[in-house]
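In case you want the letters, here they are:
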Amino acid sequence: MTKGATLKRLPAAIAGLAIMAASAATAETVAPDSVPIEDMELKVSLTGTPGDATVGRETFADRKKGNCLACHANEDLKDQLFHGEVGPELNGVADRWSEEQLRAIVVNSKAVFGDQSIMPGFYTMKVGVNVAEKHQGKTILSAQDVEDVVAYLMTLKEN
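Residues numbered from 1 in each chain as written. Predicted model: local features only at pLDDT ≥ 70, side-chain atom pairs only at ≥ 80, totals over all residues. Heavy atoms only, no water.

Draft legend 1. How the structure looks around the layout of surface pockets. In this structure, the largest pocket encloses a volume near 580 Å³. Lining the largest pocket are 30 residues, with Cys71, His72, Met119, Pro120 and Phe122 positioned closest to its centre. Contributions of two or more residues to the lining of the largest pocket are made by α3 (93–96), α4 (99–113) and α5 (143–153). Among the residues making up the lining of the largest pocket, the classes are represented as 21 nonpolar, five polar and four charged. In this structure, the second largest pocket encloses a volume near 230 Å³. Along its surface, the second largest pocket is lined by Val127, Asn130, Val131, Ala132, Lys134, His135, Lys138, Thr139 and Ile140. For the lining of the second largest pocket, the residue count by class is four nonpolar, three polar and two charged. (1 Å grid on protein atoms, 1.4 Å probe; cavity = no way out; pocket = protein on both sides within 12 Å on 5 of 7 lines; lining within 4 Å. Points joined across faces, edges and corners; volume = space filled by probe spheres on them. Helix = DSSP H or I, 4+ residues; strand = E, 2+ residues; numbered from the N terminus. Nonpolar A, V, L, I, M, F, W, Y, C, P; charged D, E, K, R; others polar.)

Draft legend 2. Structural detail: the environment of Leu42. Residue position: Leu42 is located in the loop between α1 (3–26) and α2 (53–61). Here the alpha-carbon distance between Leu42 and Val107, two residues 65 residues apart in the chain, equals 8.6 Å. Apart from the residues within four sequence positions on either side, Leu42 is in contact with Val35, Pro36, Ile37, Glu100, Arg103, Ala104 and Val107. (Contact = heavy atoms within 4.5 Å.)

Shown next as structure tokens:
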């Protein structure tokens, strides 16, 4: 390829890189201290990447990650032991709450329900007092974990 041909292709290559950079910028993860919960909703995805309901179901049931079953009964996971009764039953939750509302609840339930809620915020730095040193400065779930759990919760509709 000649130098002239290479220079003619340069503007197209630069335009392509600009498009890729813009796409990457829009898919940037929202930081836990910058989450815009307003009117009980979190309208923007935390990652710009759709959640995976199958992965979200695993996170929901994982006792070392979401551990949602510790507080919530869920008929979809009836094969799992020890469903909790502290939080509301989640059967049909997608009929009661919008995706934006569920995202806000999972991210920081206290921003939705008030400080009296015992549900932890899974993607917030405001996790309370007496946090073990190894957990300080960390969220319980990653931004993509939240999107995956929300995608899973959106599958829980009344039959």
